[in-house]
Amino acid sequence: MTPKLRPALLAQLCAVSFAALGFAACVSSTAQDGFTGTDAGGAQLGDDTGKTDAAAGKADSGNGSTLNGEGGVSAECKSGADCASQICTSNGTCAAATCNDGAKNGDETDVDCGGGTCPACDTLKGCSANSDCSSDVCKSGVCRTPSPGDSVRNGNETGVDCGGAGNPTCPTGQTCAVRTDCTSDVCSAGVCADGAGCNDGKKDGTETDIDCGGASCPSCATSKACTAGSDCQSDVCNVTCQAASYADGIKNGAETDIDCGGSGSSSTHACAAAATCVTDTDCASDGCDYTKHCAIRRSCVGTSPSGGHYGADTCGSGGAGSTGTQAWESCCTTVPVTVTEGSPSKTQTIAFDKYRVTAGRFRAFLEAVNYDVRDFVQSARTAGQVPTVPNPSSSNVAGQTLLDPAWDTYLPTSLEGDADETPDCDNGGWSTTGYSCTAGSTYSPVYTSVQKQLGDTIFKANSQPVVQGCSYSSPGTHMYYLGIPDDDGTTAQYDQSDYDERPLQCVDYLMAQAFCVWDGGGRLETVDEWAAAWGPGTMPWSSDTADKDGRGTAFSKLIPAAGTSSTYYGCRWPYANDSTIQGSGCPVIPDSTHTIELADYQYNYQYPSPVSDSVDFMTFIAAPGRTLGRSSTGAADIIGGLLEMTSDITGTGRTLSPFPTKNTAAPTVTWAGNGSWEVHNYSEKTAYPGAYGLTDKYGKQGLRCVHTN
């Protein structure tokens, strides 16, 4: 049967002309956009007042195992609310609960994990017993991160709460991998031994020197006799034990990995990404991650007290929110991109973020600077760490800073803000005729508050009016989870981990640029760099000639298929794919030249199945890399998901207020033409139309960093 759609939804305007794109049907849709004017394809954009069928409902608990009963498997349904499993398929029948259906059902303790059947849950997910958790630690109904002191052998421990890098050494009788896991410095047959007989003041037994060396005694200090490296504390033997050094090719001394890290290390001897570490200072990135390995960038350590590792190493295809085997990796992974840009032109190879910056990465930044972004930027400026304009032009003189001191006033200083901040208004109190705040509309704090910066507040003089899709009730969302209600009283409707693993949006240029500077001395990309990451083809994946879905069409020829806000999750990737959607009751079905698998584009993606009557649109925005499209340079999400802000600043009035005003010299920034999950068409290797204020926030705009060193 064809799922019945709400009448109000059928009146909404289509994002593009589906007939022109080869679709079998077209359902009208209203843009939840907030832009005035037109998008890249000339479509009139709306004001965020419409509602879509974002929610398929929330079912009563049950395992979905009943056949043809009320809400049981194969029963007819119109939404997930009709099904015990909460899953209504594209052909209008209830599906059985599974461990990859994006809903908490059956005996699961959280979405697709826990209980007696599904895999154990990750940290911060719900649980009812230790066995529900991959860490084997369930406390107060939540899976906890492994730590010494939880009375369980987990994480990198070799024994219970001991052994392994960064953990206490183990007492006699605990398991070990190497001698340094043991307090006694003796690991024998995988168990810490007491070294009995090694304190008689004589060289006897298998000892190589007095009371040291050999198979049963602690290792020997420098200059003591030895026969093998294992006899020595330094693991270096040349007749006698040699002192450890950063040039001996082994891990010894205070080192945390081979010839790097440790208390005696410096920037010269800091460890590269993936090396073992104990603290951040062991790593060249200044980031030791939650698994005790050096992160690629410090935003990907995954040690947030509130957010854990979500958004740090949860990027890529497969697993939850995609299809196939989970192939996740560090969200800080980069790909090399060669670009020619600037005046005079310059060709260089940059490290281009493979994935958009996640909310979890941004959380790591804010927690590291104690939410005082202004102080960080001023300190970085003093240290000469703020980059200059990468793409000089008539309005961007080479050498100009990307974060002018005149803009510092608009950077936050704390989570809640400075109550003594000079009062100002948001966009709701801004007069576009008088370019001033209307009477009675000012309040404080505004810009100094991270909660205002990353919540639903839209600053004055925003290039687009009203809520901009940054409120949980717009409908819309803001991906930075604050744990407090929005200004309108609405709250996030999913777990913090669901937000942290997704790309950050609703952030302005100033905050975004500050993040990139903090994260290894980077900056926001330019449009030219984004175009270079796209690659030479008409589509980013033009080099991918494989027929991945067996329908006889190479991915290189496929065009992202637009969905419609009137359909529901059962008709979207990953619940449907290019094959299963054919012949279904879905209102929009792509033909053989279009795909819903390669890009999160115009409502063709949704995960997890939404809660009942949700207007929180988080589920439409895929975690980085979940769709299958990759450019020839290896970058993910070059098309779709979110538009991306850039370092391309225009305007000669660099020291003016960062707000667009009637003064045309005020600085503005350009966005890349990715298109979005909502109604925005992509622009092939060109900028998205328009110029935007440095304090503009938008629910369909994110960021990506690049590094040039």
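Structure: see above.
All values derive from a computational prediction rather than experimental measurement.

Colleague: Would you explain the overall build of the protein in this entry?
Modeller: Looking only at helices and strands, the protein has six helices and 20 strands in total. Counted over contacts in the protein with a minimum sequence separation of 6, partners at least 24 positions apart contribute 55%. Put simply, the protein shows about 26,500 Å² of open surface, and 51% of that area lies on carbon and sulfur atoms.

Colleague: Explain the sheet that holds strand 18 (residues 692–693) to me, please; I cannot follow it from the model alone.
Modeller: Strand pairing in a sheet takes place through backbone hydrogen bonds and is either antiparallel or parallel in direction. Strand order in the open sheet formed by four strands is 18-17-16-19, with mixed pairing between adjacent strands. Among the strands making up the open sheet, the edge pair consists of strand 18 and strand 19 (701–702). In this sheet, strand 19 lies alongside strand 16 (residues 643–650) in parallel orientation, the contact comprising two bridges. Following the sheet pairing, Glu644 is matched in strand 19 by Gly702.

Colleague: Honestly, empty space enclosed by the protein in this entry has me stumped. Any pointers?
Modeller: One way to see where empty space is left: roll a probe the size of a water molecule over the atoms. Within the structure shown, the criterion is met by seven cavities of 30 Å³ or more. In terms of lining residues, the largest cavity is bounded by 16 residues, among which Gly563, Thr567, Cys571, Ile581 and Val588 are the most central.

Colleague: What should I look at first to understand the layout of surface pockets in this one?
Modeller: If you add up the space inside the largest pocket, you get close to 780 Å³. Around the largest pocket, the lining comprises 33 residues; the ones closest to its centre are Asp112, Gly319, Ala320, Gln326 and Trp328. In terms of residue class, the lining of the largest pocket is made up of 13 nonpolar, eleven polar and nine charged. There is about 610 Å³ of room inside the second largest pocket. Within the lining of the second largest pocket, the residues separate by chemical class into seven nonpolar, 17 polar and six charged.

Colleague: What am I meant to see in the nonpolar core here?
Modeller: Side chains of a nonpolar character, in soluble globular proteins, are inclined to be buried together. Counting 63 residues, the largest nonpolar core has Phe362, Phe365, Leu366, Tyr509, Phe515 and Leu703 as its most contacted members. For this core, the element with the highest residue contribution is helix 5 (residues 509–518), accounting for nine residues. By size, the runner-up hydrophobic cluster in this structure holds 22 residues, among which are Val335, Val337, Trp534 and Ala599.

Colleague: Can you help me understand the side chain of Thr695 in this one?
Modeller: On the secondary structure map, Thr695 appears in the loop between strand 18 and strand 19. Beyond its immediate sequence surroundings of up to four residues, Thr695 is in contact with Tyr410, Phe459, Lys460, Asn462, Asp508, Leu510, Pro658 and Phe659.

Colleague: Whenever I open this one, the sheet that holds strand 13 (residues 523–524) confuses me. Can you help?
Modeller: Read across the open sheet, the four strands follow the order 9-10-20-13; overall the sheet is antiparallel. Every interior strand has two partners, whereas the edge strands, strand 9 (334–341) and strand 13, have only one. For strand 9 and strand 10 (residues 346–353), the ladder comprises eight bridges, and the chain directions are antiparallel. Directly across from Thr338, in strand 10, lies its bridge partner Thr349.

Colleague: Where do I start with the pattern of salt bridges in this structure?
Modeller: Opposite charge on two side chains permits pairing when their charged atoms draw close. Scanning all chains against the criterion turns up 16 salt bridges. The salt bridge partner of Arg179 is Asp235, with a shortest N-O separation of 3.4 Å. Placement of Arg179 in the loop between strand 2 (142–143) and strand 3 (187–188) and of Asp235 in the loop between strand 4 (191–192) and strand 5 (237–238) is noted, with a sequence separation of 56 residues between them. The class of Asp235 is partly exposed, set by a relative accessible area of 32%. The salt bridge involving Arg361 is made with Asp519; its shortest N-O contact spans 2.9 Å. Of this pair, Arg361 sits in helix 1 (residues 359–368) while Asp519 sits in the loop between helix 5 and strand 13, and the two are 158 residues apart along the sequence. A relative accessible area of 1% places Arg361 in the buried class. One network of salt bridges, with partners in common, ties together Arg179, Asp185 and Asp235.

The rules behind each value
Residues numbered from 1 in each chain as written. Predicted model: local features only at pLDDT ≥ 70, side-chain atom pairs only at ≥ 80, totals over all residues. Heavy atoms only, no water. Helix = DSSP H or I, 4+ residues; strand = E, 2+ residues; numbered from the N terminus. Contact = heavy atoms within 4.5 Å. Areas by Shrake-Rupley, 256 points an atom, 1.4 Å probe, with all protein chains shown as cover. Pairing = 2+ DSSP bridges. 1 Å grid on protein atoms, 1.4 Å probe; cavity = no way out; pocket = protein on both sides within 12 Å on 5 of 7 lines; lining within 4 Å. Points joined across faces, edges and corners; volume = space filled by probe spheres on them. Nonpolar A, V, L, I, M, F, W, Y, C, P; charged D, E, K, R; others polar. Core = buried A, V, L, I, M, F, W, Y, C linked by side-chain atoms within 4.5 Å. Buried < 20%, exposed > 50% of the residue type's maximum accessible area, 1.4 Å probe, protein only. Salt bridge = Lys/Arg side-chain N within 4 Å of Asp/Glu carboxyl O.

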